[in-house]
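A closer look at the structure
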Amino acid sequence: MFVHCCHCTDCGRESGTGTGLNAVIEADEIELVSGRLEETLLESHSGKGQKVYRCPKCQTAVWGIYNTMGPHVFFVRVGALENAETCVPNVQVYTRSKLPWVVLNPDIPAFEKFYSFKEQWPSKSIERLKAARERLG
Ligand SMILES: [Zn+2]
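Position labels on residues start from 1 in each chain and follow its written sequence. Only residues with pLDDT of at least 70 are given local features in this predicted model, and only at 80 or more are side-chain atom pairs given and counted; all residues enter the totals for whole chains, interfaces and linings. For the side-chain quantities, the full set of heavy atoms in the structure was used; hydrogens and water were omitted.

Points about the environment of Gly 47
In this fold, Gly 47 is placed in the loop between β3 (38-42) and β4 (50-54). Once the C-alpha coordinates of Gly 47 and Asn 67 are considered, the two residues, 20 residues apart in sequence, prove to be 9.2 Å apart. The numbering of helices and of strands both runs from the N terminus, where a helix is a DSSP run of H or I of at least 4 residues and a strand a run of E of at least 2.

Set out below in structure tokens:
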């Protein structure tokens with residue numbers, strides 16, 4: 001539905017790279033086709049926490065669930081995808097805490113903190129989110 005490139009210190013630390021790249025997608029559009037994931041409870045910028053699901057072998061974060069958004073949407077870690085290049089960020093957020101040498105893409109909206117959901121999400125994505133909330137609670 002929407003892709004975040006997050007420069008907050010939590011995403012930076014959790015990814016171990018300085019940024020977080022998350023594709024927000026309906027939970028029932030995700031299927032774990034093999035193996036299992038381990039759940040870890042972490043802090044989040046909102047203070048409400050997030051659950052991160054990792055490969056038990058390599059500890060790669062595969063997706064997360066933010067308590068602010070609810071369990072009906074997964075934040076899929078784009079770097080863990082086979083076709084990561086297809087998930088171009090829709091927004092760059094928490095740029096106030098980006099690493100000083102990171103150059104922001106001028107073609108992607110950038111925000112010092114977070115953004116206005118209603119102003120940035122395409123109407124089609126908002127409809128999908130509403131439908132997921134109704135379907136999945
Ligand atoms: Zn973040």
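Overview of the sheet that holds β4
Spatially, the seven strands line up as an open sheet ordered β3-β4-β5-β6-β2-β1-β7, and their pairing is mixed. A strand with exactly one partner marks an edge of an open sheet, and here the two such strands are β3 and β7 (91-93). With strand direction ignored, the average angle separating the axes of adjacent strands in the sheet is 30°. A pair of strands counts as paired when DSSP detects no fewer than two bridges linking them. Where β3 and β4 come together, five bridges link them in antiparallel fashion. Paired with Thr 40 across the bridge in β4 is Val 52. Axes, fitted as lines to C-alpha atoms, cover a helix only where it is in contact. Angles between the N-to-C directions of the axes lie from 0 to 180 degrees.

Re the environment of Pro 109
In this structure, Pro 109 sits in the loop between β7 and α2 (117-120). Relative accessibility decides the category of a residue: with a 1.4 Å probe and only protein chains considered, values under 20% of the type maximum give buried, values over 50% give exposed, and everything between is partly exposed. Judged by relative accessible area, which is 35%, Pro 109 ranks as partly exposed. Spatially, the C-alpha atoms of Pro 109 and Asn 90 are 7.1 Å apart, while their sequence positions differ by 19 residues. Setting aside chain neighbours within four positions, we find Pro 109 in contact with Asn 90, Val 91, Gln 92 and Gln 120. Any pair of residues with heavy atoms lying within 4.5 Å of one another is described as a contacting pair.

Observations concerning the coordination of the zinc ion
Note on donors: an N, O or S atom is included if it sits within 2.8 Å of the metal, or within 3.2 Å for Na, K and Ca, and water is never included, so sites can look incomplete. Protein-derived coordination of the zinc ion comes from Cys 6 (SG), Cys 8 (SG) and Cys 11 (SG), at a distance range of 2.1 to 2.3 Å. Binding-site remark: the zinc ion is held by donors from one chain whose sequence spacing is C-x1-C-x2-C. The same class applies to Cys 8 and to Cys 11, which are both buried.

Comments concerning the layout of surface pockets
Here the term cavity refers to a set of points on a 1 Å grid, laid over the protein atoms alone, in which a 1.4 Å probe fits but cannot get out; the term pocket refers to an open set having protein on both sides within 12 Å along at least five of seven lines, with lining residues being those that place an atom within 4 Å of a point. Grid points are joined across faces, edges and corners, and a volume is the space filled by probe spheres set on the points. Volume-wise, the largest pocket comes out at about 470 Å³. In this structure, the largest pocket is lined by 25 residues; those nearest its centre are Val 62, Trp 63, Val 76, Ala 80 and Leu 81. Per-element tally for the lining of the largest pocket: the top contributor is strand β2 (residues 20-26), with three residues. Here the lining of the largest pocket is built from residues that sort into 18 nonpolar, three polar and four charged. Of the voids in this model, the second largest pocket is the one considered here, and its volume is about 400 Å³. Under the convention adopted here, Pro, Cys and the residues Ala, Val, Leu, Ile, Met, Phe, Trp and Tyr are nonpolar, Asp, Glu, Lys and Arg are charged, and Gly plus all remaining residues are polar.

As for the side chain of His 7
Take His 7: it is sitting in the loop between β1 (2-6) and α1 (9-15). When neighbours within four sequence positions are excluded, His 7 is seen to be in contact with Gly 18, Thr 19, Gln 92, Val 93, Tyr 94, Thr 95, Ser 97, Lys 98, Val 102 and Leu 104.

Geometric values such as these leave the question of function open.
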